[in-house]
Amino acid sequence: MSRLKVAFVASGGAARGLAHLGVLKACEELGIHPEIYVGTGAGALVGITYGQDIPLDVLLDAYRLPWRRRHSGPRMHVSTFLGLPSLRDFADPAYLFSGAFSLDKLERYIEQTLPINDFTKLPHNVLVTAVDIDTAERVVFGPGYVENVPISRAVAASVCTPGMFRPYKINDRYYVSGEVAKTLSADLAIAAGADVVIISNVYRPEKATVGEISRGGPLGILRQSINILLSEKERRGVELYARLHPNITFIDVAPDVGHYGYSNRFAARPLVLRGYRTGLRALAEAKEKGVFEKAGPTILQMN
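Summarised in this report is the structure supplied together with it. The model shown is predicted, which means the values in this text are computed figures rather than measured ones.

Concerning the overall build of the protein
Right, on to step 1. When its secondary structure is counted, the protein shows ten helices and eleven strands.
Right, on to step 2. On C-alpha atoms alone, the protein measures out to a radius of gyration of 19 Å, which is about the 19 Å that the 2.2 N^0.38 rule sets for 303 residues.
Right, on to step 3. Taking the principal axes of the C-alpha coordinates as reference, the protein spans close to 60 × 50 × 45 Å.
Right, on to step 4. Within the protein, the proportion of its 303 residues that are buried is 52%.
Right, on to step 5. By sequence separation, contacts in the protein at least 24 residues apart represent 73% of the contacts at least 6 residues apart.
Right, on to step 6. Approximately 14300 Å² of the protein is accessible, and the part contributed by carbon and sulfur atoms is 56%.
Right, on to step 7. For the protein, the distance from the average position of its 35 positive side-chain charges to the average position of its 30 negative side-chain charges is 6 Å.

Shown next, in the form of structure tokens:
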């Protein structure tokens, strides 16, 4: 029997996306090796690094305290995302006020850090999504789609949260986060030939006591509202894909990232651990059921 092709599809979620690394750690421990990586925002950052065989410990090292680091690899700081306007931005006041920050600084950092900055040269099939803000259409960067854009620029477009960042310009088009169109683009994994699709989604709503969230201030209410909206959108999408593609197995991993905010990179350790623990339970259950030996009409949900 031929080996089944596994895809890893990751949501955005900014700093919460660190939980994706925990899910990948669980994959490694169980001997599960995805061949296809699909992501937007934080999921795109994970896909374009792990998807070119950068060791997981090197990626985790980027978020360790300085005196606990083991490698000389990338260092992800909040300041890397908060680029100042360029001179050309000041020449276009309407564009200047379309967002608070520029993504040019992040793009340069990714370009300088990545071993490979060309989708066609990656060892695995990696796909990154964004949305053309003028046409309202999802755009896919990667093999078989838009291949001639450097990975660093595609990722900058994919992480562009509307309002926080100015739409990222590539050639003559302007892009924002792929999640504006789809929380997860599992359909791309299906089109790439995946038999098993592992979904890592960090938008699980927080469970709280009565009145706790409503008294937690506007940011807490906004975070919970986003979680509810995007998790429901993701759930319905996966159910639809499962009906349309009954021979594909979907493993839906939704770590409980609790009250951790989208910009709290200092919570790296608990976020990774929560992704790891939830992923380990879901994937171990799937292996026990023989999911990675034979595909079938299955949705395994773990949260």
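Focus: helix H1 (residues 19-29)
Right, on to step 1. Within H1, eight of the eleven residues are buried, which leaves it mostly tucked inside the rest of the structure.
Right, on to step 2. Looking only at H1, the buried set comprises Ala 19, His 20, Leu 21, Gly 22, Val 23, Leu 24, Ala 26 and Cys 27.
Right, on to step 3. Following H1 by one or two positions, Gly 31 adopts a phi angle in the positive range, close to 75°.

Focus on the packing of aromatic side chains
Right, on to step 1. In total, this model carries four aromatic pairs according to the counting rule given.
Right, on to step 2. Measuring from centroid to centroid gives 5.6 Å for Tyr 95 and Tyr 174, while their planes differ by 55°, and the two rings are tilted. Residue Tyr 95 is found in helix H5 (residues 93-96), and its partner Tyr 174 is found in strand E8 (residues 173-177); the two are separated by 79 residues along the sequence.
Right, on to step 3. Where Phe 141 meets Tyr 175, the ring centres are 5.7 Å apart and the plane angle is 70°; that geometry is what we call edge-to-face. A residue pair is termed long-range when its members are at least 10 positions apart, and Phe 141 in strand E5 (residues 137-141) and Tyr 175 in strand E8 qualify at 34 residues. Accessibility assignment for this pair places Phe 141 and Tyr 175 in one class, buried.

Describing the nonpolar core
Right, on to step 1. In terms of nonpolar packing, the biggest core is built from 66 residues, with Phe 141, Ile 198, Ile 251, Leu 283 and Phe 292 touching the most fellow members.
Right, on to step 2. Sequence-distant contacts of Phe 292, defined by excluding residues within four places in its chain, comprise Leu 4, Val 6, Ile 32, Val 196, Ile 198, Ile 251, Leu 283, Ala 286 and Lys 287.
Right, on to step 3. Counting residues in hydrophobic clusters, the runner-up holds 19 residues, among them Val 38, Leu 127, Leu 188 and Ala 242.

A closer look at the side chain of Ser 231
Right, on to step 1. With respect to the helices and strands, Ser 231 occurs in helix H9 (residues 218-244).
Right, on to step 2. On the basis of relative accessible area, Ser 231 is assigned to the buried category, the value being 14%.
Right, on to step 3. A distance of 2.7 Å separates the side chain of Ser 231 from the backbone oxygen of Asn 227, its partner in a polar contact.
Right, on to step 4. Of note is the side chain of Ser 231, whose polar atom sits 3.2 Å from the backbone oxygen of Ile 228.
Right, on to step 5. When sequence neighbours within four positions are dropped, the list of residues in contact with Ser 231 reads Asn 201, Tyr 203 and Pro 205.

Looking at the pairing of E8
Right, on to step 1. When strand E4 (residues 125-132) meets E8, the two strands line up antiparallel, connected through three bridges. Residue pairing for E8: Asp 132 is matched across the bridge by Tyr 175.
Right, on to step 2. By the bridge criterion, three bridges tie strand E7 (residues 168-170) to E8 in an arrangement that is antiparallel. For Lys 169, the partnering residue across the bridge sits in E8 and is Tyr 174.
Right, on to step 3. Following E7, the chain reverses through two residues before pairing antiparallel with E8; Asn 171 in that reversal takes a positive phi of roughly 60°.

A few points about the pattern of salt bridges
Right, on to step 1. Overall, the coordinates contain seven salt bridges when judged by the stated rule.
Right, on to step 2. Its salt-bridge partner being Asp 132, residue Arg 173 comes within 2.9 Å of it at the nearest N-O pair. One end of the pair, Arg 173, is in strand E8; the other, Asp 132, is in strand E4, and 41 residues separate them in sequence.
Right, on to step 3. Residues Lys 289 and Glu 285 are paired through a salt bridge, measuring 3.1 Å at the closest nitrogen-oxygen approach.
Right, on to step 4. Under the relative-accessibility criterion, Lys 289 is labelled partly exposed at 46%.
Right, on to step 5. Residue class for Glu 285 comes out partly exposed when judged on its relative accessible area of 32%.
Right, on to step 6. Among the charged side chains, a salt-bridge network with shared partners connects Glu 232, Arg 235, Arg 236 and Glu 239.

A closer look at the environment of Leu 244
Right, on to step 1. With respect to the element layout, Leu 244 can be found in helix H9.
Right, on to step 2. Separated by 48 residues in the primary sequence, Leu 244 and Val 196 have C-alpha atoms spaced 14 Å apart.

Details of the pairing of strand E2 (residues 36-39)
Right, on to step 1. Neither face of E2 is open: one carries Ile 36 and Val 38, the other Tyr 37 and Gly 39, and all of them are buried.
Right, on to step 2. Judged from the four bridges that link them, strand E1 (residues 6-10) and E2 form a sheet pairing that is parallel. Bridging from a neighbouring strand, Phe 8 pairs with Tyr 37 of E2.
Right, on to step 3. Of the crossover connections in this fold, the one passing from E1 over H1 to the parallel E2 is right-handed.

About the thresholds
Per chain, residue numbering runs from 1 following the sequence as it is written. Under the rules for a predicted model, residues below a pLDDT of 70 receive no local features and side-chain atom pairs below 80 are neither given nor counted, while totals for whole chains, interfaces and linings still include all residues. Side-chain metrics in this entry use all non-hydrogen atoms of the structure; hydrogen atoms and water are not considered. Numbered from the N terminus, helices here are DSSP runs of H or I no shorter than four residues, and strands are runs of E no shorter than two. Taken over C-alpha atoms, the radius of gyration is set against a globule rule of 2.2 Å times the number of residues to the power 0.38. Burial status follows relative accessibility: with a 1.4 Å probe on protein chains alone, a residue under 20% of its type maximum counts as buried, one over 50% as exposed, and anything between as partly exposed. We call two residues contacting when some pair of their heavy atoms lies within 4.5 Å. Areas reported here follow the Shrake-Rupley algorithm with a probe of radius 1.4 Å; residue values treat only the protein chains shown as occluding. Positive charges come from Lys and Arg alone, negative charges from Asp and Glu alone, with His and the N- and C-terminal ends not counted. In this description, the location of a charge corresponds to atom NZ of lysine, CZ of arginine, CG of aspartate or CD of glutamate. Classification of ring pairs rests on two measures: the distance between centres of Phe, Tyr or Trp rings, Trp counted by its six-membered ring, which must be within 6.5 Å, and the angle between planes, read as stacked under 30 degrees, edge-to-face over 60 and tilted in between. Nonpolar cores were defined as sets of buried Ala, Val, Leu, Ile, Met, Phe, Trp, Tyr and Cys residues, with membership established by side-chain atoms within 4.5 Å. Counted as a polar contact is a pair of N or O atoms within 3.5 Å, where, for protein atoms, one must be capable of donating a hydrogen and the other of accepting one, and residues adjacent in sequence contribute only when both atoms are in side chains. The rule for pairing is simple: two strands pair if DSSP sees at least two bridges between them. The salt bridge definition used is simple: a Lys or Arg side-chain nitrogen within 4 Å of an Asp or Glu carboxyl oxygen. A right-handed crossover is one whose linking path, passing over the helix from the first strand to the second, runs clockwise when the strands point away from the viewer.

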